[in-house]
Amino acid sequence: MSIKKLSEVEISSAIAQLAGWAVVDGKLQKSFKFRDFVEAFGFISKVAIVADKMGHHPELFNVYNKVKIDLTTHDANGISELDFELAKKIDKLL
């Protein structure tokens, strides 16, 4: 199955349905803040399990109680519908 890169119009339409996500440096990005490191790392673990089941692997960054997630589809060379699907699943983990 070929995954296609979304157009700017498609990205704008899809991102309007997500809270807190933005396009930064060509990637779908959102930052999260937790009570402490353990809660932040637990969240990262949950994201990893969901993402792996989808066969999609986000860029995860963690400093103490903060987590930043970047989503892009390398096979599409940009943001695809797969990134938006994962973003919605990540938001449901909160």
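Preceding this section is the structure that the text describes.
The structure displayed is predicted, hence computed values, not measured ones.

(A) Here's a closer look at the pattern of salt bridges. By the definition in use, this model includes five salt bridges. The salt bridge involving Asp-91 is made with Lys-30; its shortest N-O contact spans 2.9 Å. Separated by 61 residues along the polypeptide, Asp-91 in helix H3 (residues 81-92) and Lys-30 in strand S2 (residues 27-33) bring together distant segments of the chain. Since its relative accessible area comes to 13%, Lys-30 is described here as buried. Of the charged contacts in the structure, one is a salt bridge between Arg-35 and Glu-39, with a shortest N-O distance of 2.5 Å. Its relative accessible area of 69% is what places Arg-35 among the exposed residues. Relative accessible area serves as the criterion here: at 27%, Glu-39 is assigned to the partly exposed category.

(B) Seen up close, the sheet that holds strand S1 (residues 22-24). Taken in spatial order, the four strands make up an open sheet running S1-S2-S4-S3, and their pairing is antiparallel. The open sheet terminates on both sides in strands that have one partner only, identified here as S1 and strand S3 (59-63). Pairs of neighbouring strands in the sheet enclose a mean axial angle of 30°, with direction left out of account. Summarising the sheet, S3 and strand S4 (residues 66-71) pair through five bridges and their orientation is antiparallel. Across the sheet, the residue bridging to Val-63 is Lys-66, located in S4. Seen against the sheet, H3 touches S2 and S4 and runs at an angle of roughly 10° to S2.

Cut-off values and rules
Along every chain, residues carry numbers that run from 1 in the direction the sequence is written. The predicted origin of the model limits local features to residues at a pLDDT of at least 70 and limits the giving and counting of side-chain atom pairs to 80 or more, whereas totals for whole chains, interfaces and linings rest on all residues. The basis for every side-chain value is the complete set of non-hydrogen atoms in the structure, without hydrogens or water. A pairing counts as a salt bridge when a side-chain nitrogen of Lys or Arg comes within 4 Å of a carboxyl oxygen of Asp or Glu. Helical segments are the DSSP runs of H or I of at least four residues, strand segments are the runs of E of at least two, and each set is numbered from the N terminus. Partly exposed residues are those whose accessible area sits between 20% and 50% of the maximum for their type, while under 20% is buried and over 50% is exposed, using a 1.4 Å probe and protein chains only. Each pair of strands is called paired provided DSSP finds at least two bridges between the two strands. In this analysis an axis means a line fitted to C-alpha atoms, helices contributing only their contacting stretch, and an angle means the value between N-to-C directions, from 0 to 180 degrees. Whether two residues are in contact is decided by their heavy atoms: any pair within 4.5 Å suffices.

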